[in-house]
Amino acid sequence: MPMIEIKDVSKWYGSFQVLTNCTTNVEKGEVIVVCGPSGSGKSTLIKVVNALEPFQEGNIVVDGIKVNDPKTNLPKLRARVGMVFQHFELFPHLTITQNLTLGQIKVLGRTPEEAKTRGLKYLNRVGLIEQKDKFPGQLSGGQQQRVAIARALSMDPICMLFDEPTSALDPEMINEVLDVMVGLAKEGMTMMVVTHEMGFANKVANRVIFMDRGQIVEDATKADFFGKPRSERAQQFLAKILHH
Amino acid sequence: MNYNWNWKIFFETSADGRHTWLTTLFIGLGWTLTTALCAGIIAFLLGSALGVMRTTPHKWAVKLGNAYVEFFRNIPLLVQLFLWYFVLPELLPNAIGGWIKSMTPPWASFVPAVIGLGLFTAARVSEQVRAGIQALSRGQGQAGTALGLTLSQRYRFVLLPMAYRIILPPLTSETMNLIKNTSVALTIGLFELTAAARSMQEFTFQVFEAFTAATVIYILVNLITVNLMRWIERSVAVPGFIGPPDVGGGGH
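Computed from a predicted model, the values in this text were never measured in an experiment.

A.B. asks: For this particular structure, what's the right way to read the overall build of chain A?
C.D. replies: Secondary structure assignment for chain A yields nine helices and 10 strands. Computed over its C-alpha atoms, the radius of gyration of chain A comes to 18 Å, within 12% of the 18 Å expected for a compact globule of 244 residues. Projected onto its principal axes, the C-alpha positions of chain A cover 50 × 45 × 35 Å. Across the 244 residues of chain A, 56% fall into the buried class. When contacts within chain A are restricted to residue pairs at least 6 apart in sequence, those whose partners lie at least 24 apart make up 66%.

A.B. asks: Sorry if this is basic, but what is going on with the overall build of chain B here?
C.D. replies: When helices and strands are counted, chain B shows nine helices and zero strands. Along its sequence from the N terminus, chain B presents helices and strands in the succession α-α-α-α-α-α-α-α-α. Dimensions of chain B along its principal axes, counting C-alpha atoms only, are 70 × 55 × 30 Å. Out of the 252 residues in chain B, the part that is buried amounts to 46%. Within chain B, counting contacts between residues at least 6 apart in sequence, those at least 24 apart form 74% of the total. For chain B, the accessible surface area stands at approximately 13000 Å², while carbon and sulfur atoms represent 67% of it.

A.B. asks: What am I meant to see in the nonpolar core here?
C.D. replies: With 63 residues, the main nonpolar core has A:Ile4 and A:Met192 as its most contacted residues. Broken down by element, this core gets its largest block of residues, 10 residues, from helix H7 (residues 151-181) of chain B. Residue contacts for A:Ile4: discarding those within four places in its chain leaves A:Thr24, A:Asn25, A:Val26, A:Val49, A:Val61, A:Cys159, A:Leu161 and A:Met192. Within the second largest apolar cluster, 47 residues are counted, among which are A:Leu100, A:Val147, A:Met198 and A:Ala220.

A.B. asks: Whenever I open this one, the environment of B:Ala15 confuses me. Can you help?
C.D. replies: Examined against the element boundaries, B:Ala15 turns out to sit in the segment before helix H1 (21-53). Through-space distance from the C-alpha of B:Ala15 to that of B:Ser199 is 7.7 Å; in sequence the pair is 184 residues apart.

A.B. asks: Just to check I follow, could you spell out the interface of chain B and chain A for this structure?
C.D. replies: The accessible area lost on association of the parts is a frequent measure of interface size. In this complex, chain B contributes 27 residues to the contact, which on the side of chain A involves 25 residues. Together chain B and chain A conceal approximately 2100 Å² of surface at their shared face, both sides included; 65% is due to carbon and sulfur atoms. At the boundary of chain B and chain A, one finds one salt bridge. Residue B:Arg138 pairs with A:Glu53 through a salt bridge whose shortest N-O separation is 3.3 Å. Our count for the chain B to chain A interface comes out at seven residue pairs in polar contact (both at pLDDT 80 or more).

A.B. asks: Is there a simple way to think about the pattern of salt bridges in this case?
C.D. replies: Pairs can form between side chains of opposite charge whenever their charged atoms are close. Evaluated as defined, the whole model comprises 21 salt bridges over all chains. Note that A:Asp156 and A:Arg110 form a salt bridge whose closest N and O atoms lie 2.4 Å from each other. Here A:Arg110 lies in the loop between helix H3 (96-106) and helix H4 (112-125) and A:Asp156 lies in the loop between helix H5 (141-153) and strand E7 (159-163), a separation of 46 residues in the sequence. Taking relative accessible area as the criterion, A:Arg110 reaches 14% and is therefore assigned buried. Bridged by salt links that share partners, the residues B:Arg54, B:Glu70, B:Arg73, B:Glu127 and B:Arg130 form one connected network.

A.B. asks: So what exactly am I meant to see when it comes to the pairing of strand E9 (residues 207-212) of chain A here?
C.D. replies: Residues in a regular strand project their side chains so that they alternate between the two faces of the sheet. All names here are of chain A. A large share of E9 lies buried, amounting to six of its six residues. A two-sided burial pattern is seen for E9, the buried positions comprising Arg 207, Ile 209 and Met 211 on one face and Val 208, Phe 210 and Asp 212 on the other. As defined by bridge partners, strand E3 (residues 31-35) adjoins E9 across four bridges and the pair is classed as parallel. Bridging from a neighbouring strand, Val 34 pairs with Ile 209 of E9. Pairing between E9 and strand E10 (residues 215-221): six bridges, direction antiparallel. Each residue of the ladder has a partner; that of Ile 209, found in E10, is Asp 219. Remark: two residues form the turn of the hairpin made by E9 and E10, two consecutive strands paired antiparallel; Arg 213 in that turn has positive phi of roughly 50 degrees.

A.B. asks: What is the right way to look at the side chain of A:Glu89 in this model?
C.D. replies: Examined against the element boundaries, A:Glu89 turns out to sit in the loop between strand E6 (81-84) and H3. The side chain of A:Glu89 sits in the buried core without any salt bridge; A:Arg151 is the nearest counter-charge, 7.0 Å away. At 3.1 Å, the side chain of A:Glu89 and the side chain of B:Gln140 are in polar contact. Not counting chain neighbours up to four residues away, the residues in contact with A:Glu89 comprise A:Arg151, B:Ser137, B:Gly139, B:Gln140 and B:Ala143.

A.B. asks: So what exactly am I meant to see when it comes to H5(A) here?
C.D. replies: Count 3.6 residues to each turn of an α-helix, and residues three or four apart come out pointing the same way. Between its first and last C-alpha atoms H5(A) spans 18 Å; for 13 residues at 1.5 Å apiece the expected length is 18 Å, and the two agree. Of all 13 residues in H5(A), 13 are buried; the element is thus mostly enclosed.

A.B. asks: I would appreciate a short explanation of the packing of aromatic side chains in the present structure.
C.D. replies: For any pair of aromatic rings, the description consists of the separation of the ring centres together with the inter-plane angle of the planes. All names here are of chain B. For the structure on display, the rule yields 17 aromatic pairs over all chains. When the centroid spacing of 5.5 Å and the interplanar angle of 40 degrees are considered together, the rings of Trp 5 and Phe 208 count as tilted. Of the two residues, Trp 5 is situated in the segment before H1 and Phe 208 in helix H9 (residues 207-236); the sequence distance between them amounts to 203 residues. Residue classification places Trp 5 among the partly exposed residues on the basis of a relative accessible area of 46%. Geometrically, the ring pair formed by Trp 7 and Phe 10 is stacked, given 6.2 Å between the ring centres and 25 degrees between the ring planes.

Here is what the cut-offs are and how they apply
Residues numbered from 1 in each chain as written. Chains lettered and ligands numbered in written order. Predicted model: local features only at pLDDT ≥ 70, side-chain atom pairs only at ≥ 80, totals over all residues. Heavy atoms only, no water. Helix = DSSP H or I, 4+ residues; strand = E, 2+ residues; numbered from the N terminus. Rg over C-alpha atoms; globule rule 2.2 N^0.38 Å. Buried < 20%, exposed > 50% of the residue type's maximum accessible area, 1.4 Å probe, protein only. Contact = heavy atoms within 4.5 Å. Areas by Shrake-Rupley, 256 points an atom, 1.4 Å probe, with all protein chains shown as cover. Core = buried A, V, L, I, M, F, W, Y, C linked by side-chain atoms within 4.5 Å. Buried area = accessible area lost by both parts, 1.4 Å probe. Salt bridge = Lys/Arg side-chain N within 4 Å of Asp/Glu carboxyl O. Polar contact = N/O pair within 3.5 Å; in protein donor to acceptor, adjacent residues only side chain to side chain. Pairing = 2+ DSSP bridges. Lys, Arg positive; Asp, Glu negative; His and termini not counted. Expected span 1.5 Å × (residues − 1). Phe/Tyr/Trp six-rings, centres within 6.5 Å; stacked < 30°, edge-to-face > 60°.

Structure follows, in structure tokens:
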């Protein structure tokens, strides 16, 4: 059974179709990179996985639980799916430690001590333990994104979704975030990553999904995607982003 | 201008025969502040609830909140107080209406003043709260959702703490407006500060002294309010986010 099963998913904003019959599976331990031009629906595709965005047609099953079933306890499901956003979205009024423990305490019902121990373990892992009492606004973008990853990991997710995690960062901060993500991938975390970082894709992705105008145009192994992309659109895209 | 200045008038016995005019003014101030405080509590709680309702995904809640705001914002405060004071008791069943009309003097004016001012100000607070929540990036709510927080937890732990911080400056103006608006309640017989000054003017003809005193007291009260609110702003300022620059760190 795949960890994430996306089948014939279509989504509209009013009369504008953002996703058209998207189908793909993510196996446990797989790292999938989703890329494509802006407006191609790649962010939307990962946001429907934990139902941050509703969709009108098709089915999504995460770890055996149907996302679009009205009976599904969505908060409970979402708590098991880690998510990292383009703009970090740490909670600015909470200290780094409080950011790491809020979900654990309020959603998972852990005690504050338990939550703190676990949160700080992951904060240490992303190399920011000395920042634990600061506020998000006092950290650099790269540091904030690493905290955001630690926040997601503190919830013990079964898989992680990344929505352009490095797009809002200054160039010199991109690598510190990618390093953390590469580490996670190597440990066997199931990941769906929307990114334009082809170096990251090349290093750790199992498969690359290329999207254009709401459709999955290409769903190929890394070697196939970079070696001989079938669609002309993907060839053009690769030519553009690899030639600079 | 022929006018007999008499600043000693404040220490003469007032119309009630028991206090000096100065004490009478301060009794009026007491009613001004009590009315503002009680109405303020109603306005804050109800305004927050309405403001939150208007940002939820529930369409009926949004419509209900909007209807409330349009109703209470579009009718002059004076008319609203008249409605609460004169009209409501007539519309209620005789037993309740009669009981309201037979309330002893300060309460018969105080209760409708608090309700009227509270509900009127709630509409305005709700606008601020809604704007504060909507000023936050959509991603904040999504980050809460993605962690598994429920809708009410999202408001409580993620959205409202920041929204209130953002709207503290406009809430300061709202608080000052509320204090000043209590003077309208003199029209329904509440003996607040302006009413006390008017009584002093009518009985002593010392119109300048009476309204100078009222003016100075209003200015002082609002200066204290502004400073209190600034102190609150400073004490809840988020390092590196908004607030006075002296607490800021890096940030954007």
